[in-house]
Amino acid sequence: MTPVCPFVKAARPDDASSKKGSENEGKAKKESSDSASVSPKCPFGYDSGTFKLGPLSCMICQALLFDCAKCIPCSHVYCKVCISRFKDCPLCGADIEKTEADTDLQSVVDRFIEGHARIKRSNTDADKDAGGDTKIVYEDVSLERGAFLVQQAMRAFRAQNVESAKSRLRLCVDDIRGQIEIMGNTSELCSQLGAVLGTLGDCCRATGDASSAIDYFEESVEFLTKLPTDNLEITHTLSVSLNKIGDLKYYAGDMEAARSFYSRSLNVRRDAMQHHPNVPSQTLDVAVSLAKVADVDRSIGNEDAAAAGFQEAIKLLKSLTLKPEEVGLEQRRLSVLEFLNSQLGG
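The protein carries the name RING-type domain-containing protein in an unreviewed UniProt entry, which gives Linum tenue as its organism.

Below, the structure written as structure tokens:
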């Protein structure tokens, strides 16, 4: 599954309203009867919904600088991990004699992250001071900040700068946990935390740290199981986390544990398919889980159970009818079906 940002965008004024507010900005400051909010737009271009490089970006991974390293003698700055793969500066082509830590610039980046996604809001009339001026306060927009952090993390992760990705994701986790302490275990916050913890698990798995990966996936499962089971995205993320734990146990040779997690994922997906019988992706998910459980059954010598699982998955996929525009799902269906048939020698 392609990682996606688990955050919903905060509501913003439409374009027409934004333009009008901009044209009348000076006037609005003087009109005490109005209280408006300013959309959280970053002047450097680091907005959660856009892909724009700013002055604090690494030109290699295209994420915010992490563990800044200055090239000597050209003085161009990159993430330390990113530039370590080069002998010549990617920007100017100069030979890199050595690199030096740029702690001053890194401090600027860290402060920028800390202050990002804070927006000005005008208080209501009752909160204005005696002079009639509008009082301005700063508020955290946690969804925007979360989306921003996840965006930066995924850029770094795709560029194999895993430590940078983990750093941003941990900040995001801390933010969400802080919100949970204030608001309680709401469905929205738990789903966000579960998704980000799962992505942290992916980062650890990518570096071969299976133990930490399992810890993050298990914590993800813990939060996601607190949520209603009628949300397809939540149940899919939950089942994926369970499968990833199963995969790690499988590769470690612990087949009984692998089967247990695969079976839990299968049960989650069966329930989702029962509640949403007309959603093709749910049927595909169930077939994949059946294949995983059957594969483990074969590995532990339970051939009859394995054959039954493969056959059930094949039956499900053959009964699945997809629309012409669902090309991606059809390709996935055929791929899984081919694997299942090969397992049965068909």
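Caption draft 1: Broad picture of the overall build of the protein. When helices and strands are counted, the protein shows 13 helices and 5 strands. Taken across its 346 residues, the protein has 42% of its residues classed as buried. Considering only contacts in the protein between residues 6 or more positions apart, those separated by 24 or more positions represent 58%. Working note: accessible area of the protein is about 18400 Å², and carbon and sulfur atoms make up 50% of it.

Caption draft 2: Layout of the UniProt feature "domain: RING-type" (unreviewed entry) in the protein. Here, the residues flagged by UniProt with the feature "domain: RING-type" (unreviewed entry) are residues 58-92. Annotated as residues 58-92, this span is 11% helix and 23% strand, and its ends, taken at the C-alpha atoms, are 14 Å apart.

Caption draft 3: Quick peek at helix α12 (residues 303-318). Over its 16 residues, α12 runs 22 Å from end to end, which matches the ideal 22 Å to within 8%, given 1.5 Å per residue. Looking only at α12, the buried set comprises Ala-306, Ala-307, Gly-309, Phe-310, Ala-313, Ile-314, Leu-316 and Leu-317. Those residues of α12 that are buried lie in contact with α10 (255-275), α11 (280-299) and α13 (327-343).

Caption draft 4: The arrangement of the sheet that holds strand β3 (residues 98-101) in detail. Ordered by their spatial adjacency, 3 strands build an open sheet running β2-β1-β3, and the pairing between neighbours is antiparallel. The open sheet terminates on both sides in strands that have one partner only, identified here as β2 (77-79) and β3. Sheet twist, expressed as the average angle between the axes of neighbouring strands with direction ignored, equals 40 degrees. Pairing analysis gives 4 bridges linking strand β1 (residues 68-72) to β3, with the strands arranged antiparallel. Counterpart to Cys-71 in the pairing with β3 is Thr-99.

Caption draft 5: Inspection of the confidence of the model for the protein at higher detail. Residue-level pLDDT values for the protein average 81, and 77% of them are 70 or greater. Confidence drops under a pLDDT of 50 for residues 1-38, and excluding neighbours within four residues, the segment shows 45 contacts in the predicted structure. In this model residues 119-130 is a low-confidence stretch, pLDDT under 50, and it forms 39 contacts with partners more than four residues away in sequence or in other chains.

Caption draft 6: Region of interest: the pattern of salt bridges. Under the counting rule described, the total for this entry stands at 11 salt bridges. A salt bridge links Asp-202 to Lys-244; its shortest N-O distance comes to 2.8 Å. In this pair, Asp-202 sits in helix α7 (residues 187-206) while Lys-244 sits in helix α9 (residues 232-251), placing the two residues 42 residues apart along the sequence. Relative accessible area serves as the criterion here: at 15%, Asp-202 is assigned to the buried category. Between Asp-247 and Lys-292 there is a salt bridge, with the nearest N and O atoms lying 3.0 Å from each other. Of this pair, Asp-247 sits in helix α9 while Lys-292 sits in helix α11, and the two are 45 residues apart along the sequence.

Caption draft 7: Fine view of the packing of α12 against α13. Taken N-terminus to C-terminus, the directions of α12 and α13 make an angle of 150 degrees; their axes are 10 Å apart at the nearest point. Judged by the inter-axis angle, α12 sits roughly antiparallel to α13. For the crossing formed where α12 meets α13, the hand is left-handed. Along its contact with α12, which presents Phe-310, Ala-313, Ile-314, Leu-317 and Lys-318, the element α13 presents Arg-333, Val-336, Leu-337, Phe-339, Leu-340, Asn-341 and Gln-343. Of the residues contributing to the contact of α12 with α13, the split by class is 8 nonpolar, 2 polar and 2 charged.

The rules behind each value
- Residues numbered from 1 in each chain as written.
- Predicted model: local features only at pLDDT ≥ 70, side-chain atom pairs only at ≥ 80, totals over all residues.
- Heavy atoms only, no water.
- Helix = DSSP H or I, 4+ residues; strand = E, 2+ residues; numbered from the N terminus.
- Buried < 20%, exposed > 50% of the residue type's maximum accessible area, 1.4 Å probe, protein only.
- Contact = heavy atoms within 4.5 Å.
- Areas by Shrake-Rupley, 256 points an atom, 1.4 Å probe, with all protein chains shown as cover.
- UniProt positions renumbered as here; feature names shortened; annotations may be inferred.
- Expected span 1.5 Å × (residues − 1).
- Pairing = 2+ DSSP bridges.
- Axes fitted to C-alpha atoms, helices over the stretch in contact; angles between N-to-C directions.
- pLDDT = per-residue confidence, 0-100.
- Salt bridge = Lys/Arg side-chain N within 4 Å of Asp/Glu carboxyl O.
- Parallel < 35°, antiparallel > 145°, perpendicular 65-115°, else oblique.
- Left-handed = near helix turned anticlockwise from the far one by under 90°.
- Nonpolar A, V, L, I, M, F, W, Y, C, P; charged D, E, K, R; others polar.

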